[in-house]
Amino acid sequence: DFGELAEGLGYKAYAVGGFIRDLLLRRSNLDIDIVVEGDGIRFARAFAEKYGVRARCHKKFNTAVLIFPDGLKVDVATARLEYYQYPAALPVVQFGSLKMDLYRRDFTINTLAVALNPEEFGELIDFFGGQKDIKDKAVRVLHNLSFVEDPTRILRAVRFEQRFSFKVGKQTAGLMRNTVKMGLLSKLGGHRLFHELQQILMEEDPLPAIRRMGEFELLAAFHPSLRYDAHMQALFARVKEVISWYELSFLDEPLESWWVYFLVLFSRLSRKELKQVLDRLEIPLSRQERIVWTYNRVDHLLGTFFRLPDPRPSDIYRALQPFRPEELLFLMVQATCEDVRRIVSHYCHRYRHVQTELKGRDLKAMGFPPGPLYSRILNDLLDARLNGQVRSRAEELEFVK
Ligand code: ATP
């Protein structure tokens, strides 16, 4: 469909990049990248109109995103067209704009393209040896200045290498080490550094990539005292366990699992070092405060609350209720004793969603004057429910009276 539409507009369209790479690796990928030799935005708009899907256009970059109802996302980019003056002074389109577009990409494995126009549909285009590198399981840059041009590619190299169990090519690894030695990672903007770290932590298993970052001395780009060691390895293994447990137990509750890894990664820094990292990553202040709050609160609970014998369900509820699921999982990872993990698990399964049957309007109907008294009564009532003192609406009414 893309190809026919392109043909109709006098354009050439190609599926490129990660989608083709994953096709060859037989991995599923719901993000399709299309490069159009022509006007990408016009192409996307025409497609959206014809098939009734949504198109979001970014005029500045000549790109668009097509969003299908089933979650499929198609990015459309415009390959730059070059006009050559022939003696007859007619401008012609130089074939090769696709090549130019692909040359700007990070690794050879991401430079494969498949033609979509009807006549050449399905033809694999491989300008830079991407197919061979996929076969050799090698992550290689296209030219020697690639990492200097964009140091985030160093982190991307590690991510792809570990995701596919590939190996960064020897020369590419040398270029990475040189770029790190030149200190170019420290010149990167915080947002980009944060984004790349997030991408790594969003991998199925981020641990190998973190280990590899240690080997390439990339962790120091975040903070000089950040290290990959046996302890970090053990913590990450525990994160994996608690995430699996949570996702299996609460299938339909969304979890930003990468956030648990993030909290663990920086958990051993001093508060001062933590501040330096968070500033380096340009994390907004409100989020920074939440992170510090989480560390403090977890320390506090592990140091005091969880040492008390036999806490009541209502005490557990009050202690854990302020946490988001990701923060609860972080607490489970930090806990060295099994009891704490059991209590958190009880909380998630049994207490977290407990509610009183009576609401404010019932209290009003009972003649209580509206005001702060309501929340005190409802809190006491909730505690009574959690502790099993009341079990029904009738018992709640009795309790309130
Ligand atoms: P993923 O499966 O992680 O989404 P992807 O290959 O689709 O992998 P994206 O980050 O979505 O990766 O990028 C899409 C394409 O854009 C890549 O295939 C890559 O060629 C190119 N690209 C992305 N970031 C860079 C970069 N920093 N430098 C050069 N090319 C890049």
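A quick note: this is a predicted structure, and the numbers were derived from the prediction, not measured.

Enquirer: Now, about a negative patch on the surface: what can you tell me, with residues and values included?
Expert: Taken together, the side chains of Asp1, Glu4, Glu7 and Glu119 define an acidic patch exposed on the protein surface. Mapped onto the secondary structure, aspartate 1 falls in the segment before α1 (2-9). Relative accessible area serves as the criterion here: at 56%, aspartate 1 is assigned to the exposed category.

Enquirer: Hey, could you go over unusual backbone geometry for me, with residue numbers and the actual values?
Expert: The backbone phi angle of serine 165 is positive, close to 55 degrees, even though this residue is not glycine. Residue class for serine 165 comes out exposed when judged on its relative accessible area of 57%. Phi at glutamate 217 is positive, roughly 55 degrees, even though this residue is not glycine.

Enquirer: Before we move on, could you go through the site of the ligand and cite the residues and values that matter?
Expert: Near the ligand, the surroundings consist of 15 residues, among which Arg21, Asp150, Arg153, Arg159 and Arg163 are the closest. Within the side chain of arginine 21, an N or O atom sits 2.8 Å from an oxygen atom of the ligand. In isolation the ligand has 590 Å² of accessible area, and contact with the protein removes 73% of it. Counting only elements with at least two residues in the shell around the ligand, the list comes to α2 (18-24) and α7 (152-164). With six residues, the top contributor of residues to the shell around the ligand is α7. Residues that form the shell around the ligand fall into these classes: one nonpolar, four polar and ten charged.

Enquirer: Talk me through the sheet that holds strand β3 (residues 54-58); I want residue IDs and the actual numbers.
Expert: The seven strands lie next to each other as β3-β4-β5-β2-β1-β8-β9, forming an open sheet whose pairing is mixed. Every interior strand has two partners, whereas the edge strands, β3 and β9 (124-125), have only one.

Enquirer: Tell me what's going on with helix α15 (residues 313-320), and back it up with residues and numbers.
Expert: Counting buried positions over the eight residues of α15 gives six, a clear majority of the element. For α15, the full list of buried residues reads Pro313, Ser314, Ile316, Tyr317, Ala319 and Leu320. Where α15 is buried, its residues touch α14 (285-303), α16 (325-334), α17 (338-351) and α19 (372-386).

Conventions and cut-offs
- Residues numbered from 1 in each chain as written.
- Predicted model: local features only at pLDDT ≥ 70, side-chain atom pairs only at ≥ 80, totals over all residues.
- Heavy atoms only, no water.
- Patch = residues over 30% accessible without salt bridge, like charges linked within 9 Å, V, L, I, M, F, W, Y side chains within 5 Å.
- Areas by Shrake-Rupley, 256 points an atom, 1.4 Å probe, with all protein chains shown as cover.
- Salt bridge = Lys/Arg side-chain N within 4 Å of Asp/Glu carboxyl O.
- Lys, Arg positive; Asp, Glu negative; His and termini not counted.
- Charge placed at Lys NZ, Arg CZ, Asp CG, Glu CD.
- Helix = DSSP H or I, 4+ residues; strand = E, 2+ residues; numbered from the N terminus.
- Buried < 20%, exposed > 50% of the residue type's maximum accessible area, 1.4 Å probe, protein only.
- Near = heavy atom within 4 Å.
- Polar contact = N/O pair within 3.5 Å; in protein donor to acceptor, adjacent residues only side chain to side chain.
- Nonpolar A, V, L, I, M, F, W, Y, C, P; charged D, E, K, R; others polar.
- Pairing = 2+ DSSP bridges.
- Contact = heavy atoms within 4.5 Å.

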